[in-house]
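# Structural overview
Residue strings, one per chain:
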Amino acid sequence: MHTVIDHPQAPHPAAAAQASPQHATGVLAGLSYLQPTTERPCSYAYQPPPGVPWENCAYEQRTLPIADARRAAQRPALEREGFALWDAPSAVKDFYDAEAIKTTYYPEACELALAATGASRAYVFDHLVRKREPDRAALSFGRAGAEGRAAANGRIHTDYTEASGRKRLELVLPNPQEVARVRRFAIVNIWRSIKGPVVDTPLAVCDARSVMVRDLIPAEVRYPRRTGEIYVAQHSPLHRWSYYPEMDRHEALVFKQYDSQISGVTRFTPHAAFDLPNPPPDAPLRESIELRCLVVYGDDGVQAP
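Bear in mind that the values here come from a model prediction, so they are computed numbers and not experimental data.

### Describing the sheet that holds strand β5 (residues 121-131)
Spatially, five strands are ordered β4-β12-β7-β14-β5 in an open sheet, and the strand pairing comes out antiparallel. Two strands lie at the open edges of the sheet, namely β4 (83-87) and β5, each paired on one side alone. Between one strand axis and the next, the sheet turns by 25° as a mean value, whatever way the strands run. Of the pairings in the sheet, the one linking β5 to strand β14 (residues 287-297) comprises ten bridges and is antiparallel in character. Bridging across to β14, Tyr123 finds its partner in Leu294. Helix-sheet contacts for helix α2 (residues 162-172) involve β5, β7 (184-193), β12 (251-259) and β14, and the interaxial angle to β7 is about 95°.

Put into structure tokens, the structure is as follows:
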């Protein structure tokens, strides 16, 4: 079970560990933005048909400051910046064990999601294990590499849009009567390292308050049996990026992917993997797990699974 270091009646993210000196003020690193386009962006998560490109739009690397969130003057919070770091050790020993993830990690994640959001019910519906490619190829959409494992995703995106966020509620709660009783729900991502401290390709998150509606562009992601919709991001000088140096197995980054409440809370948190400048030559490849959880707020009569 995870533990939250603070008062049990009003839990807060765990106090951050001390960052190493080279991370004192963050880093300058490349982040991948969508270039302006008149087309609806589309990416394939599987081998596209002959003659069809993997992506129909271009992305550009911009070298930007990415702050050390461990040294932020004010500890980031889910409903303010859109993300927060928690001390949340897991009982799972092997995150490549699918059964252990379903039986042990899913319940742990539900507990953490409820503590992080203050919601009343939580439903885990998806997870993905990623591993950086051995040759540290240029970051792209994070498709499966030669080992069959999903790679790190370097495209700035959010996992849900206005439309796909609502659709996800209907998929998680297929009973229309239950859906109708939900007054507010949100989708959060829980991200953690599964192989020790991340020293090569961490995850950057963008302060949700610095993102305007016009920055987020609906895009298609095509899978063999379905088409999903996400937001990709166009560059804005207002964007403020952060990361947590050397995240370890006992830590979990919780960030907002969608919130049905349209004011007073964060709703979408853009994020992307990025390569640290000058990583140690013997740096282990980043291995991580991301898990998506839908939470329902209030006493709406919806039954937990």
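### As for the side chain of Ser43
Tracing the backbone shows Ser43 in strand β2 (residues 42-44). Given a relative accessible area of 5%, Ser43 falls into the buried group.

### A short note on the confidence of the model for the protein
Averaged over all residues, the pLDDT of the protein is 89; the fraction at 70 or higher stands at 89%. Ignoring residues within four places in sequence, the model shows residues 1-24, a span with pLDDT below 50, making 51 contacts including any to other chains.

### Remarks on the packing of aromatic side chains
Inspection of the entire model under this criterion finds nine aromatic pairs. With a centroid separation of 5.1 Å and an interplanar angle of 90°, the aromatic rings of Phe95 and Tyr105 are classed as edge-to-face. Highlighted residues: Phe95 in the loop between β4 and α1 (98-117) and Tyr105 in helix α1, separated in sequence by ten residues. Comparing Phe95 with Tyr105 shows no difference in burial state: the two are buried.

### Overview of the layout of surface pockets
Any space left empty among the atoms is revealed by the rolling of a water-sized probe across them. In this structure, the largest pocket occupies an estimated 750 Å³ of space. Together, 28 residues line the largest pocket, and Asp126, Val221, Tyr223, Arg226 and Arg292 are the ones closest to its centre. Mapped onto the lining of the largest pocket, the elements with two or more residues apiece are β5, α2, β10 (227-233) and β14. Looking at the lining of the largest pocket, its residues break down into eleven nonpolar, seven polar and ten charged.

### Structural notes on empty space enclosed by the protein
Under the defined criterion, the tally for this structure stands at four cavities of 30 Å³ or more. By volume, the largest cavity is sized at about 80 Å³. Together, Arg130, Asn153, His157, Asn189, Trp191, Leu203, Phe255, His271, Ala273, Arg286 and Glu290 line the largest cavity. For the lining of the largest cavity, the elements supplying multiple residues, two or more each, are β7 and β13 (271-273). Residue composition of the lining of the largest cavity, by class: four nonpolar, four polar and three charged.

### With respect to the side chain of His239
With respect to the helices and strands, the residue His239 is situated in the loop between β10 and β11 (241-243). Among the residues examined, His239 registers a relative accessible area of 11% and is labelled buried. Here the side chain of His239 touches Tyr33 through a polar contact of 2.9 Å, side chain to side chain. In this structure His239 touches Tyr33, Cys206, Ser210, Val211, Asp215 and Gln234, once residues within four positions along its chain are discounted.

### Side note on α2
Among the residues of α2, Ser164, Gly165, Arg168, Leu169 and Val172 are the ones counted as buried. Looking straight down α2, one finds that the buried residues subtend no more than 150° of arc, so they occupy a single side. Lining the buried residues of α2 we find β5, α3 (176-181), β7, β10, β12 and β14.

### Thoughts on α1
Taking the largest bend as the criterion, α1 deviates by roughly 40°, centred on Tyr105, and proline Pro107 comes between one and four positions later. Within α1 the residues assigned to the buried category are Ala100, Ile101, Tyr105, Tyr106, Glu108, Ala109, Cys110, Leu112, Ala113, Ala116 and Thr117. Taken together, the buried residues of α1 touch β4, β5, β7, β12 and β14. With a side-chain oxygen positioned 3.1 Å from the backbone nitrogen of Glu99, the residue opening α1 is Asp97. One or two steps after α1, the chain reaches Gly118, where phi turns positive at roughly 75°.

Cut-offs applied
Residues numbered from 1 in each chain as written. Predicted model: local features only at pLDDT ≥ 70, side-chain atom pairs only at ≥ 80, totals over all residues. Heavy atoms only, no water. Pairing = 2+ DSSP bridges. Helix = DSSP H or I, 4+ residues; strand = E, 2+ residues; numbered from the N terminus. Axes fitted to C-alpha atoms, helices over the stretch in contact; angles between N-to-C directions. Contact = heavy atoms within 4.5 Å. Buried < 20%, exposed > 50% of the residue type's maximum accessible area, 1.4 Å probe, protein only. pLDDT = per-residue confidence, 0-100. Phe/Tyr/Trp six-rings, centres within 6.5 Å; stacked < 30°, edge-to-face > 60°. 1 Å grid on protein atoms, 1.4 Å probe; cavity = no way out; pocket = protein on both sides within 12 Å on 5 of 7 lines; lining within 4 Å. Points joined across faces, edges and corners; volume = space filled by probe spheres on them. Nonpolar A, V, L, I, M, F, W, Y, C, P; charged D, E, K, R; others polar. Polar contact = N/O pair within 3.5 Å; in protein donor to acceptor, adjacent residues only side chain to side chain. Arc of directions from axis to C-beta. Bend = angle between axes of the 7 residues up to and from the residue.

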